Amino acid sequence: MRLPKPVARPVLTAAVAVTAAGSLLLAPHSATADRRPPVREGSAPAHGAAGAPAAAARTALTAPVTDLAADDRGYPREQVLAADPENPADKSLKLGLVPYHAIAPKLNALQRLGDRVSVEVAGRSAGGHRLYLVTVTAPESARRARGQERMRELIENDPGAAAKDRAVRTTYKTPVFFNSNIHGDEWEGTDAALRLIERLATARDAGTEDLLAHSRLYFDITANPDGRIAGTRENAGGFDLNRDFVTASQPEVRAMRQIEIDKQPAVMLDLHGYVNGTLIEPTTPPHGENYEYDLFLKNTYANALGMEAAVDGLGHTPGKDGVEPAQIPFRDQQEGWDDWPPVFTPQYAAFHGTVAAHTVEIPLTVNGSAYDTLPAAELRRRSAVNVDVAGAAMRATLDFVRAHRASLIADQIEVFRRGSAGAAQVPVSAKTVPGVPGIGPEDVYTTVFPRAYVVPAGGTQRSATAAARLVDHLIADDVRVTRATRGFRLAGRTYPKGSYVVDLHQPKRGLANALLADGRDISDKVSTMYDISGWSLGRLWGATVERVPGGSLAGVPRTAVRSAAPVGHVAAHGDLRLRLDTPQEIAALNSLLRDGVAVRRSGDGSALVPSSARARAVSLARAYDVVFEATKATGGTPLRAARVAAAVTPGELFALREMNFDVVPVSTAILDAGFDWSAADVLFVSSGLDRAALTPAARTALDAFLRTHGLVGRGAVGAALNTDAGLLAVRPVEGAGDANGVVRVVNSGGPVMAGAPDHSFVYAPVWFTAPGPGVRVEQSYAPGDPLVSGHWRPSADGTGGPAAAAGRPSVVSGPRVVLFGTEPLFRDHPKGEFSQVGRALLTVS
């Protein structure tokens, strides 16, 4: 084991080195001040045209969530899984690993080995593949299983009583969760898990007997079967699932979320690749400010030391097989591998009571160019090493659980106790977290929790529809929400009956606050961040969310709710108005247009629907929870269904389909191959289309289309196409490429931005200068400092920062063109912004 380095934590980077044998290996480099952060888990974000099939979007939007806690049977819970058709194209085969089609037969065989292994189907992927949850534990009667569930609920719901409960201390089984293959082209965690399950199923030594008598071990065998088969980081919908936990837009993430809620693991590992040497969290600063970091760091660091010893103990060396010693970012690095956003699996798990949670990056690269260029024998050698490393990490974790089961459950109880009691967080220090070296002021991140949040009833229709969606999302995350049974007054404000109240004195207050709070501007805390630094469903989902800093809720008449009250309805008489302020309203409109309903657009951007379509409106109001109100407005511009040609990111493609647009993906390559522009009504461009790189024929066809059809552009790529095609007379200015977060904006109130929130989201922000004739400013960055939360620094010469963007146009329009400098469709994340793009497409089509 290497000695701790409590002061210096050099930034991790990786470079390619060549051994005497000629195989490519990754070796760590020393830090430099201007080095960009490492790209986590070894792959760059998806670029270019998103070709995800529409079926994947439909599955993602409709796949049900399996309630794993509803099953009160004992263990084992055996079932015979139907086999999948053999797929010789499965990318796992080249590596000598288990292909997806062989997993079901393997699990059937493991269940037959004895009475310790159970298999459940936790859901289905966006591509329609089964998601397998395996439980390994000593047999339990149905009565004992119900007793375990009662204790699990007691720990969360009454942690004070749980801390004193003798049965919890002596008979509660410690839940442990191993998550594998969330990135599809990081395969080996699955194989290591299957190997470990087989050993646990048959081992009769005293250690295994003790472990399974006092623990339940849960294995998500492959969290991303679509990617495992295709050899892609993303699922069939094009989503990086390890970035989706704030919004849970994908069915695989909803399945993992339900495992976290229903099984309540105290310890979890998320098995990834590839970083050499093996990287084992805890992470560098900044640390998520909403969880109980003292308890998390104490356990996560201790388990990391055990995993490090186990991995290094395998005997792999740089000279023998190209494997570097393991590393722990908290100890060995300065910054660039943070746990700030809860978009990653271990960070999200912390909010559900997981007090030791790790990303583990196994060492030897087998994906990307290595998969295509290295000999199969070398790939299989590397994969075998990686399986061994993943297995060592899991076995060390089980040793940790055996040795510390009592304190792990006690610390989980304490997480929930602090939340329920509204207790203050405990800042980390050498005194509060003894045994962890190198804790400094740079590691102290805490927050002041408000007493509550209120989502008021009434207000605009946009806020009511958005509020219902937000409340349902909070409840799905196991955040407790109540609803006022009559009007009330709180902290000097009056709220009407039906308002939602999120009391922050609850077990999972950290998650509630992480989702609803504005967040923090951390630009001055670190020089670089790993992923997004700002997010806020309170600001970005379109609902009105009010922070209540203090006071008592004792006088607030309220009752717990399991779902939001429906808001959808249709006026009984006359023509109808559909306000296009939410993605659900855009989706309902597109459904009407596809049905051939004669819809007109009014001057304020809303849709006017004839009374003859009332029956269809009733169906859509129920399906999308939207309101068709009565109107006497006449006139307006006829609308028709628009087919969108889209060169966009996977998240944007998904959001367009969520709004029911008919989308055909395009790219430079697709246009060069001869695209039929008669199949499109409007072009949306943000990624993967470069006019200058097109063949002359493709460029001519594109220009001809843009002379008579509309363009919606987003970011630098969309603005570049506008400039190259000579359309809207503006000059785009690019901010820092890694800048991101929640920003304040000022809307013009025109048809594109009518009803838009006064906050937006940016990543690599763009603003516009030198507007020419016919240019309309639809939205501007707020004056002063527009950044509310996130990380946005100016470049070394002082340009590109938020001060340079302040007051500048962020969205501009003109005849047949709308350009966005913000990211209103980012990763299916800022729901309240979606309708801006929907309105823009309708405006220019």
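Bear in mind the structure is a predicted one, so any value in this text is a computation, not a measurement.

Peer 1: What am I meant to see in the overall build of the chain here?
Peer 2: Per the secondary structure count, the chain includes 26 helices and 36 strands. Relative to the compact-globule value of 28 Å for 845 residues, the chain shows a C-alpha radius of gyration of 27 Å, a close match. Summing over all exposed atoms, the chain offers an accessible surface of approximately 29,200 Å²; the carbon and sulfur share of this is 54%. Computed over 89 positive and 89 negative side-chain charges, the inter-centroid distance for the chain is 5 Å.

Peer 1: Help me understand the side chain of Asn-367, please; the structure alone is not making it clear to me.
Peer 2: Secondary-structure assignment places Asn-367 in the loop between β11 (356-362) and α14 (368-373). Here Asn-367 falls in the buried class, since its relative accessible area comes to 6%. Within the structure, the side chain of Asn-367 is placed 3.2 Å from the backbone oxygen of Asp-185, a separation counted as a polar contact.

Peer 1: Explain empty space enclosed by the protein here, please?
Peer 2: Counting across every chain of the model gives 8 cavities of 30 Å³ or more. Computed from the structure, the largest cavity encloses a volume of approximately 80 Å³. Listed by contribution, the elements that provide at least two residues to the lining of the largest cavity are α15 (376-421) and α17 (509-516). Of the residues that constitute the lining of the largest cavity, the class distribution is 6 nonpolar, 3 polar and 3 charged. In this structure, the second largest cavity spans a volume of roughly 60 Å³. Along its surface, the second largest cavity is lined by Tyr-291, Glu-292, Tyr-293, Asp-294, Gln-425, Val-426, Pro-427, Val-428, Asp-443, Val-444, Tyr-445 and Thr-446.

Peer 1: What am I meant to see in the packing of aromatic side chains here?
Peer 2: Geometrically, a pair of aromatic rings is defined through the distance of the ring centres and the angle of the planes. Here the structure, examined in full by the defined rule, presents 20 aromatic pairs. Judged by centre distance (5.7 Å) and plane angle (25°), the ring pair of Tyr-763 and Phe-826 falls under stacked. Of the two residues, Tyr-763 sits in strand β31 (residues 759-763) while Phe-826 sits in the loop between β36 (817-820) and α26 (834-844), which places them 63 residues apart along the sequence. Among the residues examined, Phe-826 registers a relative accessible area of 8% and is labelled buried. The rings of Tyr-291, Tyr-293, Phe-296 and Phe-351 are connected pair by pair, giving a single aromatic cluster. Positioned above the aromatic ring of Tyr-75, the side-chain terminus of Arg-77 is 4.1 Å from the ring centre. If you follow Lys-94 out to its NZ or CZ, it ends over the ring of Tyr-371, 4.6 Å from the centre.

Peer 1: Just checking my understanding: could you explain helix α1 (residues 54-62) for this structure?
Peer 2: Turn by turn, an α-helix covers 3.6 residues, leaving residues three or four places apart pointing in a common direction. Within α1, the full set of buried residues consists of Ala-56, Ala-57 and Ala-60. Angular distribution of buried residues about the axis of α1 spans 100°; they occupy a single face of the element. The exposed residues of α1 that point more than 90 degrees off its buried face are Arg-58 and Thr-62. Check the buried side of α1 and you find it contacts α9 (251-263) and α21 (650-658).

Peer 1: So what exactly am I meant to see when it comes to the pairing of strand β30 (residues 740-747) here?
Peer 2: Regular strands show a simple pattern: their side chains alternate between the two faces of the sheet. Note: β30 against β31, 5 bridges, orientation antiparallel. In the strand pairing of β31, Gly-741 is matched with Val-762. Across 4 bridges, the pairing between β30 and strand β34 (residues 787-791) is antiparallel. Paired with Val-742 across the two strands is Ser-789, which belongs to β34. Where β30 lies against strand β33 (residues 776-781), 3 bridges are found, and the strand directions are antiparallel. Each bridged residue has a counterpart across the sheet, and for Asn-747 the counterpart in β33 is Gln-779.

Peer 1: Explain the sheet that holds strand β16 (residues 500-503) to me, please; I cannot follow it from the model alone.
Peer 2: Picture the strands of a sheet paired through backbone hydrogen bonds; they go either parallel or antiparallel. Read across the sheet, 5 strands follow the order β17-β12-β16-β13-β18 without closing on themselves; strand pairing throughout is antiparallel. Lying at the two open borders of the sheet, with one neighbouring strand each, are β17 (546-548) and β18 (558-560). When the angles between neighbouring strand axes are averaged without regard to direction, this sheet yields 30°. As paired elements, strand β13 (residues 482-484) and β16 share 2 bridges and run antiparallel to each other. By the bridge assignment, Arg-483 is partnered in β16 with Tyr-500.

Peer 1: Sorry if this is basic, but what is going on with the nonpolar core here?
Peer 2: Formed by 153 residues in total, the largest nonpolar core has its most connected members in Leu-107 and Phe-219. Per-element accounting of this core gives the leading share, 17 residues, to α15. Leaving out residues up to four positions away in the same chain, Phe-219 has contacts with Tyr-132, Leu-133, Val-134, Val-136, Phe-178, Ala-193, Leu-196, Ile-197, Leu-200 and Met-394.

Peer 1: In this structure, what is going on with the pattern of salt bridges? I would like to understand it.
Peer 2: Close approach of charged atoms allows side chains of opposite charge to pair. If you walk through the whole model with that rule in mind, you get 55 salt bridges. For Asp-71, the salt bridge identified is with Arg-73, shortest N-O distance 2.6 Å. Here Arg-331 makes a salt bridge to Glu-308, at a shortest N to O gap of 2.7 Å. Here Glu-308 lies in helix α10 (residues 293-312) and Arg-331 lies in helix α12 (residues 329-332), a separation of 23 residues in the sequence. Each member of the pair, Arg-331 as well as Glu-308, carries the same accessibility label: buried.

Peer 1: It is not clear to me how the confidence of the model for the chain should be interpreted in this structure. Could you clarify?
Peer 2: Keep in mind that low pLDDT regions are not for reading the predicted coordinates in detail. For the chain, mean pLDDT is 92; residues scoring 70 or higher make up 94% of the total. Note that residues 1-49 has pLDDT below 50 and, in this model, 130 contacts with residues that lie over four places away or in other chains.

Peer 1: Please explain unusual backbone geometry as it appears in this structure.
Peer 2: Among all residues except glycine, the phi angle is most often negative; among peptide bonds, the trans geometry is most common. Cis geometry is found at the peptide bond from Tyr-75 to Pro-76, where omega equals 10°. Relative to the elements of secondary structure, Pro-76 occurs in the loop between α1 and α2 (103-111). The omega angle of the peptide bond from Gly-273 to Tyr-274 is 5°, so this bond is cis rather than trans. Within the secondary structure layout, Tyr-274 lies in the loop between β7 (267-273) and β8 (279-280). Although it is not a glycine, Ala-491 adopts a positive phi angle of roughly 50°. With respect to the helices and strands, the residue Ala-491 is situated in the loop between β14 (488-490) and β15 (493-495). Although it is not a glycine, Asp-828 sits at a positive phi angle of roughly 55°.

Peer 1: Help me out: how do you make sense of the pairing of strand β23 (residues 627-630) in this one?
Peer 2: Pairing of strand β19 (residues 569-570) with β23, which is carried by 2 bridges, proceeds in the parallel orientation. Note on β23: the bridge partner recorded for His-569 is Val-627.

Peer 1: Sorry if this is basic, but what is going on with the environment of Pro-549 here?
Peer 2: One can find Pro-549 in the loop between β17 and β18. Its relative accessible area of 56% is what places Pro-549 among the exposed residues. Not counting the four nearest positions on each side in its chain, Pro-549 is found in contact with Pro-450 and Arg-451.

So, how was this worked out
Residues numbered from 1 in each chain as written. Predicted model: local features only at pLDDT ≥ 70, side-chain atom pairs only at ≥ 80, totals over all residues. Heavy atoms only, no water. Helix = DSSP H or I, 4+ residues; strand = E, 2+ residues; numbered from the N terminus. Rg over C-alpha atoms; globule rule 2.2 N^0.38 Å. Areas by Shrake-Rupley, 256 points an atom, 1.4 Å probe, with all protein chains shown as cover. Lys, Arg positive; Asp, Glu negative; His and termini not counted. Charge placed at Lys NZ, Arg CZ, Asp CG, Glu CD. Buried < 20%, exposed > 50% of the residue type's maximum accessible area, 1.4 Å probe, protein only. Polar contact = N/O pair within 3.5 Å; in protein donor to acceptor, adjacent residues only side chain to side chain. 1 Å grid on protein atoms, 1.4 Å probe; cavity = no way out; pocket = protein on both sides within 12 Å on 5 of 7 lines; lining within 4 Å. Points joined across faces, edges and corners; volume = space filled by probe spheres on them. Nonpolar A, V, L, I, M, F, W, Y, C, P; charged D, E, K, R; others polar. Phe/Tyr/Trp six-rings, centres within 6.5 Å; stacked < 30°, edge-to-face > 60°. Lys NZ or Arg CZ within 6 Å of the ring centre and 35° of its normal. Arc of directions from axis to C-beta. Contact = heavy atoms within 4.5 Å. Pairing = 2+ DSSP bridges. Axes fitted to C-alpha atoms, helices over the stretch in contact; angles between N-to-C directions. Core = buried A, V, L, I, M, F, W, Y, C linked by side-chain atoms within 4.5 Å. Salt bridge = Lys/Arg side-chain N within 4 Å of Asp/Glu carboxyl O. pLDDT = per-residue confidence, 0-100.

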